[in-house]
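So you can see what is in the structure, the chains are spelled out below.
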Amino acid sequence: MGSILKALELERTNKFIKELIKDGTMLINALKNLSIAVQKFSQSLQDFQFECIGDAETDDEINIAQSFKEFAQLLHTVEEERRRLIQNANDVLIAPLEKFRKEQIGAAKDGKKKFDKESEKYYSVLDKHLNLSSRKKEAHLQEADTQIEKEWQNFYEASLQYVFKVQEVQEKKKFEFVEPLLAFLQGLFTFYHEGYELAQEFAPYKQQLQYNLQNTRNNFESTRQEVERLMQRMKSAPQDYKPPGQWTMEGYLYVQEKRPLGFAWIKHYCTYEKATKTFSMTLCEPKSGGKNGLVSCPEMFKLKFCIRRKTDSIDKRFCFDIEVVERHGIITLQAQSEANRKLWLEAMDGKEPVQDFLIKCSVLSVLSAIVIYIGRFNFVRKCIDAVEARGINAMGLYRMSGVNSKVQKLMNTIFAPKAAPDMDLDTELWDMKTITSGLKNYLRYLNVVLKECNYFSLESDDQNYRVRAVHALVYKLPEKNREMLDLLLKHLVKVSTHSQKNLMTVSNLGVIFGPTLMRSQEETVAAMMNIKFQNIVVEILIENYEKVLYDQAKAMYACKAEHSHELSFPQGAIFTNVHTSVEPGWLQGTYEGKTGLIPANYVAFL
């Protein structure tokens, strides 16, 4: 009975180990397949080119585009550790289990076979021995006794060997069977620990990436309305904008040409470059399907002047005249619409036909303009004072829009013909959301914009270069606009210092005021793509307010100019209109009426 139980136990153990080896092999193969799939996924991330629409990319876009390669590298590192786990798994788990099954359980099975054989042989001899007659000769009986004793010894030896082997298997499986499992789990835990270490190293990058993603999401949410408004304006007046291109103006114009039977209007594709006053015309000829093709080389001219054609002076609409250096006489052109003609006239500095159209500014009109400006300045200051006194800690300040009817009422009050220059923002009449929305609308109306930002300067990783570029941009503004910008930026700096309560960080303020302070001159698709850079410029303005808006400096040492574009000055000289130069280590400023370069380490800002 005991041998049967031992045999059953051996068989159960053998069957369990077989199942374990089978499942372990399946697990290893699954890990191999998973590793192959992850490596393929990692390679796809590595190969993917994350391109953004537009001529340039923001820092956030660059980091987001790089993120796929960072993900790929992380997965690759994880898979390196997984491959080590898989390579060791067979030696650590499968081979020891198979060895234990074959050597230990196999030997026990061989012992059982021998035991069964000796047992059968012994009991067969025993039956014969017991059936011997007592009448047999003594010599025969002694031989039978010797034989049964010998078989007993063999049976007993086989029984002991079998019991010993079964006991050995039962004891060895407690360590030789468990040790491979422990080693495999240890390798698995090492792999998981390696993943944890990688996750810890990845955490700062992940945090920065989440910041970049949130910035991008905020920019998208904030600029989407601006883009939609721009799209609506473009759709409502499809010809009232200049298409993006390398020219100041370009498009189709009809040119009046003299023919034997009279005048004819011939379609040309024309371009104009304002910087060089170069005007070109290329003859167009209709092709099959109604399309136009350029059939000749362009004629190039140097523009002398441009003037709008009076309506009653010609039987065609939307006409204007130009005179060029290379051709005698007037060239009469017809635009495609009144809006299109205005764009051509604006690009070519076109004049009106009536000489008295340009009214000279009198002293009275100049004084009126100053009064209006002072009134506007006071209103902006009133709004800022109200915000700083009553709502600087309000959550989502400037992000939350006021009720449209109230904002419109405030704007109507401002622009009323008899509006007081120093209107009172009564606490009960005007709530904080109305004031902040009114201020944004008012600044947009005032056109305090930075129109000439070169976005390529923002692609540099050198933060100082960026600040210098924005500083130079600010000092291209008219003085009154710069004063207004100075007032606003001081306020935005103060708002950002309360960001723990109002949540209006520098980045969030850039998103809000970017479209307000940096509107494009042209309403084009390219302008929509560049909206993202407006936010970056405003961020730079807020973060570097003191660097960007300084104006005066004092010479700490005397200097003698070595080149014509440099300034000579004595110690103690006071410079005005001081701003950074594109030349590293140099400033640009004015001294005694002359503007030039100043060594940055020779002066101290006032």
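Rules behind the numbers
- Residues numbered from 1 in each chain as written.
- Predicted model: local features only at pLDDT ≥ 70, side-chain atom pairs only at ≥ 80, totals over all residues.
- Heavy atoms only, no water.
- Helix = DSSP H or I, 4+ residues; strand = E, 2+ residues; numbered from the N terminus.
- Buried < 20%, exposed > 50% of the residue type's maximum accessible area, 1.4 Å probe, protein only.
- Contact = heavy atoms within 4.5 Å.
- Areas by Shrake-Rupley, 256 points an atom, 1.4 Å probe, with all protein chains shown as cover.
- Pairing = 2+ DSSP bridges.
- Salt bridge = Lys/Arg side-chain N within 4 Å of Asp/Glu carboxyl O.
- Expected span 1.5 Å × (residues − 1).
- Patch = residues over 30% accessible without salt bridge, like charges linked within 9 Å, V, L, I, M, F, W, Y side chains within 5 Å.
- Axes fitted to C-alpha atoms, helices over the stretch in contact; angles between N-to-C directions.
- Parallel < 35°, antiparallel > 145°, perpendicular 65-115°, else oblique.
- Left-handed = near helix turned anticlockwise from the far one by under 90°.
- Core = buried A, V, L, I, M, F, W, Y, C linked by side-chain atoms within 4.5 Å.
- Phe/Tyr/Trp six-rings, centres within 6.5 Å; stacked < 30°, edge-to-face > 60°.
- Lys NZ or Arg CZ within 6 Å of the ring centre and 35° of its normal.

**Q** I'm lost on the overall build of the chain in this one. Help?
**A** Per the secondary structure count, the chain includes 15 helices and 12 strands. For the chain, the residues scored as buried account for 38% of the 606 residues in total. Sequence-distant contacts, at least 24 apart, represent 65% of the contacts inside the chain between residues at least 6 apart. Accessible surface, the chain: about 36200 Å² in total, of which carbon and sulfur atoms supply 54%.

**Q** Any chance you could explain the environment of Q552 here in plain terms?
**A** Relative to the assigned elements, Q552 resides in the loop between α15 (545-548) and β8 (553-555). C-alpha of Q552 to C-alpha of V603: the two residues are 51 residues apart in sequence and 9.8 Å apart in space.

**Q** Can you walk me through the pairing of strand β10 (residues 586-591) in this structure?
**A** Looking down a regular strand, the side chains alternate between one sheet face and the other. By the bridge criterion, six bridges tie β10 to strand β11 (residues 594-599) in an arrangement that is antiparallel. Along β11, the bridge assignment pairs Q588 with L597. The loop that links β10 with its antiparallel partner β11 comprises two residues; one of these, E592, has a positive phi angle of about 50 degrees.

**Q** It is not clear to me how unusual backbone geometry should be interpreted in this structure. Could you clarify?
**A** Glycine aside, residues mostly have negative phi angles, and peptide bonds mostly take the trans form. Positive phi, close to 55 degrees, is recorded for D349, a residue that is not glycine. Within the secondary structure, D349 is located in the loop between α5 (338-347) and α6 (363-390). Residue classification places D349 among the partly exposed residues on the basis of a relative accessible area of 42%. We note that L503 has phi near 65 degrees; this positive angle belongs to a residue other than glycine. Residue L503 is classed as partly exposed on the basis of its relative accessible area of 44%.

**Q** Could you clarify how one ought to interpret the pattern of salt bridges in this entry?
**A** Note on pairing: side chains with opposite charge can pair once their charged atoms come close. Scanning all chains against the criterion turns up 12 salt bridges. Between E79 and R82 there is a salt bridge whose closest N-O contact spans 2.9 Å. Here E79 pairs with R82, and both are found in helix α2 (residues 59-130), just three residues apart, close to one helical turn. Residue E79 shares its accessibility class with R82, and that shared class is buried. The salt bridge involving E352 is made with R308; its shortest N-O contact spans 2.6 Å. With E352 in the loop between α5 and α6 and R308 in strand β5 (residues 299-308), this pair connects stretches of sequence that are 44 residues apart. E352 gets classed as partly exposed once you look at its relative accessible area, which sits at 29%.

**Q** Explain helix α9 (residues 463-474) to me, please; I cannot follow it from the model alone.
**A** Since the α-helix packs 3.6 residues into each turn, any two residues three or four apart lie on the same face. The terminal C-alpha atoms of α9 lie 17 Å apart, and with 12 residues this matches the ideal 16 Å at 1.5 Å per residue to within 8%. Every buried residue belonging to α9 is among R466, V467, R468, V470, H471, L473 and V474, and all of these are buried.

**Q** When you look at α5 in this model, what are you seeing that I'm missing?
**A** What α5 keeps buried is the set N340, R341, L343, W344, L345 and A347. With its phi angle positive at about 55 degrees, D349 sits one or two positions after the end of α5.

**Q** Just checking my understanding: could you explain a nonpolar patch on the surface for this structure?
**A** The grouping of W152, Y156 and L160 at the surface amounts to a nonpolar patch, some 280 Å² of accessible area in total. Following the sequence through the fold, Y156 ends up in helix α3 (residues 138-172).

**Q** Help me out: how do you make sense of the packing of helix α10 (residues 479-496) against helix α12 (residues 506-517) in this one?
**A** For any two helices packed against each other, the geometry is given by the interaxial angle and the distance between the axes. One can describe the packing of α10 onto α12 by two numbers: an axis separation of 10 Å at closest approach and a directional angle of 155 degrees. Of the possible angle classes, the one that applies to α10 and α12 is roughly antiparallel. The hand of the α10/α12 crossing is right-handed. Counting all contacts with α10, which are made through L485, L488, L492, V495 and S496, the residues of α12 involved are V506, L509, F513 and L517.

**Q** What exactly am I supposed to notice about the nonpolar core here?
**A** Soluble, globular proteins show a tendency: their nonpolar side chains are buried together. Ranked by size, the top nonpolar core spans 50 residues in total, and within it V380, Y398, L425, V474, L489 and F513 carry the most contacts. Discounting residues that sit within four places of it in the chain, Y398 has contacts with V387, T436, L439, K440, H491, V495, I512 and F513. Counting 22 residues, the second largest nonpolar core, distinct from the first, contains C270, F318, L333 and A335.

**Q** Any chance you could explain the packing of aromatic side chains here in plain terms?
**A** Each aromatic ring pair is specified by the distance between its two centres and by the angle formed by the two planes. Going through the model one piece at a time under the given rule, you end up with 11 aromatic pairs. When the centroid spacing of 6.3 Å and the interplanar angle of 35 degrees are considered together, the rings of F68 and F71 count as tilted. With a gap of three residues between them, F68 and F71 both fall in helix α2, about one helical turn apart. With a centroid separation of 5.1 Å and 70 degrees between ring planes, the pair formed by Y398 and F513 is classed as edge-to-face. With Y398 in the loop between α6 and α7 (404-415) and F513 in helix α12, this pair connects stretches of sequence that are 115 residues apart. The two residues Y398 and F513 agree in class, both being buried. By the ring-pair criterion, three or more aromatic residues cluster together here, those being F48, F68, F71, F202 and Y205. Here the guanidinium or amino end of K267 rests over the ring plane of Y252, the centre of that ring lying 4.5 Å away.

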